[in-house]
Amino acid sequence: MHVRQLLIGAGLFGLSLSQPACGGNWASLVEKSLSPKTSIQCDGDNQRWSDYAAPKAGAVVIVGDENDVAKIIVAASKTNTSFLIQSGGNGWANTFKLDSRGIIIDISSLKAITFNAKKTQVTFQAGVTNKDLIDAAWNNNARVSASTCNCVSVLGATLGGGLSRTQGVYGLNVDNLISLNIVDPNGIRKTVTRQNNPELWWALTGAGANFGVITSATYKSQPLPQAQNTAWTGLLLFNESKLEEVITAIDKLTLAPDMQLDIYFTANPATGQPSVLVLPFYLGSAEVGRQKFASILNVGPIADNTEVIPYNTWNTAGDPFCTPGGRKPSYTTGVKKMDPVAWRNTWNEYIAFFNENPEANLTTILTECYSTAKTAKSVKNDGSSSYPFRDIKCHAITIPWYTSPSIDCSAVKFGQNVRKHLSASAGTKSPSSYINFAHGDEPLSQIYGSSLSTLKKLKQKYDPKKRLNQWFPLS
Ligand SMILES: Cc1cc2nc3c(=O)[nH]c(=O)nc-3n(C[C@H](O)[C@H](O)[C@H](O)COP(=O)(O)OP(=O)(O)OC[C@H]3O[C@@H](n4cnc5c(N)ncnc54)[C@H](O)[C@@H]3O)c2cc1C
C-alpha cells in the first residue's frame, strides 16, 4: 500500500498525520514531495539472496525517481531513522542493523542506461544489474566490465572493488568508473570524480557504501561488434580423485590478462553428487583457449562442455547461484597460493557438511581466480582506489545453502573451518577477505587491509554522524 493511502486512511480514522501507520515520522516529512513513481511498502516483505542475518525494517521505500533518494535521506536524518540502501539485495554480510523503525531504501527500480554516441562511455542508474548492463552493451555493440553473476547490481559490486572476468584487460570495476552521482550522508547531491575530490573518490572506490549513496554512475565502455564479442568457456567436470592435480595445475597457472577461471565444489547438476567443476574462461578462440588452459585439460576431465559463446551469455552458467531465498551464511578467503593439502581438507569439510545435511545439497564452495596482470600494477599504491587486494589471485567463498535455521550452527562452523584451512595456506601476509564476499565476523583490517586507517579518518570527515553504517561499518 502506498504511504499516501495510509496517511489518508489514518486521517479518516482520526490519527495524527504526523504519526502515519507505517513508515514513521520521516514519511510524513517527505511524503508529499516524492514522485508518484515512489511507493512505501509496510508489510515488511523484502526478498533477498540470503535470509540469514537479513535486515528487517519497518518499511521498504521503493524509489521510482533518482531525485527522491536525497529527500528520503534528509527526512531519515531529521527523524534519526536508520536506513539501508538496497539494490540487488545480494549482500550477505551479517552487519545490517535496522530496528523496527528503520527503513530499507530500495533503489532496484532505477534502471536507466545510456551509451554515448561512440560507445566509449555508459551512464547508468543504481538499480542496473550486471545482466541489464551486459544486455544493453551487447545491443549497442559494446563491452563493459561487469561481474560474473547476472543478479548483482553493478554498483553494489563496484563500490567494493568489483571483480570481473575481464579485469586482466580492463581492470577492476572501480578502474572503469569515470564519475559518480552521490547523495552524501547529509542528503546533499554531488558529482564526484577522481579530479574534483580525489580523497572522497578514493574512499568511494573500495568502501563506497560507507561514504555515499550512489544514484548513478558513468563508466568506461569498449566499442566492439557482436561478432568479436565472444569468449571460450564452459564447465569441465573432474573426478574428485584428481583434486590435488587440478589444484596444483591452477596454482602453477599464471592467468594472462585474457584468462580467468572458477573452480566449484558443488552438486553436479546432472547427478546431484558432489563434484569438482572448473570453469575456464578465455577471451578468444577455442583453439588458443585450449592451449592456454592445457595444464588443466591435461589432468583429464570426465566431461568437457567448453565452447565459444557470446558476451551476453557469459554469466548464464552462474544463474542458479542467483536464486534468492534460503539461508546462506557465507565466508571467504583471498588466496595467492593453492595448497593441495588445504584443498583436500576443504573438500572433506564440504563432503561431511553435504552428507550430514541432506537439505543443504546446494551448498557450494566457489573459488574465482583472476589475472592480476593489470590490477596488481596499482598495488604499489598509485592511490587509485581504496580496494586493497589487487594482487590476490583467487577468492574462495563457502556458501552453505539450506532453509532450516536449525542448521545455522553447523553451517557457521563449516564456513569458518574452510576459511581456516584456506587462509593458513593462502600465501598472504595475513588473512584477507574481499568486502563483497566477507561474512562480518572478521576484523576490519582483514576486509579493508592497508586502506583501513585512512578510511577511518575519512569516515570521521565525511560521515561523522555515522549515517552510512550498515556495510562493514568503519565507525
Ligand atoms: C550470486 C552472487 C554472485 C556474486 N558475484 C560477484 C562477482 O562476480 N564479483 C563481485 O565483485 N561480487 C560478486 N558478488 C558479491 C556482490 O558484489 C556483493 O554481494 C554486492 O554487495 C551486492 O550488491 P547488491 O546491490 O546486489 O546487493 P545489496 O545487498 O543491495 O547491497 C549490498 C551493500 O551495498 C550497498 N549498496 C548497494 N548499492 C549501493 C549504492 N548504489 N550506493 C550505496 N550503497 C550501495 C547496500 O547498502 C548494501 O550495504 C556476488 C554475490 C552474489 C550473491
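As the structure is a computational prediction, the values presented were derived from the model and not from experiment.

## Describing the packing of aromatic side chains
The geometry of an aromatic ring pair is captured by the separation of the ring centres together with the interplanar angle, meaning the angle of the planes. Applying the stated criterion across every chain, the model contains 20 aromatic pairs. Between F353 and F414 the ring centres are 4.5 Å apart and the planes differ by 5 degrees, which places this aromatic pair in the stacked class. One end of the pair, F353, is in helix 11 (residues 340–356); the other, F414, is in helix 12 (residues 408–424), with 61 residues separating them in the sequence. Classification of F353 by relative accessible area gives buried; the value is 4%. On the basis of relative accessibility, which here comes to 3%, the residue F414 falls in the buried class. Through successive ring pairs, a cluster of aromatic residues spans W49, W92, Y264, F321, Y387, F389, W401, Y434 and F437. When the ring centre of F211 is taken as reference, the NZ or CZ atom of K459 above it lies at 5.8 Å.

## Side note on the domain arrangement of the protein
Often, the extent of an interface is quoted as the loss of accessible area upon association of its parts. Taken domain by domain, the protein holds domain 1 (3–106), domain 2 (113–225) and domain 3 (229–449). Centre-to-centre, using C-alpha coordinates, domain 1 lies 36 Å away from domain 3. Contact residues are listed per partner, giving ten residues for domain 1 and 21 residues for domain 3. Interface area for domain 1 against domain 3, summed over the two sides, is near 1,200 Å², with a carbon-plus-sulfur share of 55%. The three residues of domain 1 that bury the most area against domain 3 are W49, Y52 and W92, which together make up 65% of that side's buried surface. For the pair domain 1 and domain 3, the interface holds zero salt bridges.

## As for the sheet that holds strand 1 (residues 39–41)
Strands sit in the order 1-2-4-3 across an open sheet of four strands; the sheet is mixed. Each edge of the open sheet is held by one strand with a lone partner, namely strand 1 and strand 3 (83–86). The mean angle between the axes of side-by-side strands here comes to 25 degrees, regardless of whether they run parallel or antiparallel. Strand direction decides the pairing type here: strand 1 and strand 2 (residues 59–62), joined by three bridges, are antiparallel. Opposite I40, over in strand 2, you have V61 as the bridge partner. Against the sheet, helix 3 (residues 68–78) touches strand 2, strand 3 and strand 4 (103–106), its axis set at about 170 degrees to strand 4.

The rules we used
Residues numbered from 1 in each chain as written. Predicted model: local features only at pLDDT ≥ 70, side-chain atom pairs only at ≥ 80, totals over all residues. Heavy atoms only, no water. Phe/Tyr/Trp six-rings, centres within 6.5 Å; stacked < 30°, edge-to-face > 60°. Helix = DSSP H or I, 4+ residues; strand = E, 2+ residues; numbered from the N terminus. Buried < 20%, exposed > 50% of the residue type's maximum accessible area, 1.4 Å probe, protein only. Lys NZ or Arg CZ within 6 Å of the ring centre and 35° of its normal. Domains from an automatic or database assignment. Contact = heavy atoms within 4.5 Å. Buried area = accessible area lost by both parts, 1.4 Å probe. Salt bridge = Lys/Arg side-chain N within 4 Å of Asp/Glu carboxyl O. Pairing = 2+ DSSP bridges. Axes fitted to C-alpha atoms, helices over the stretch in contact; angles between N-to-C directions.

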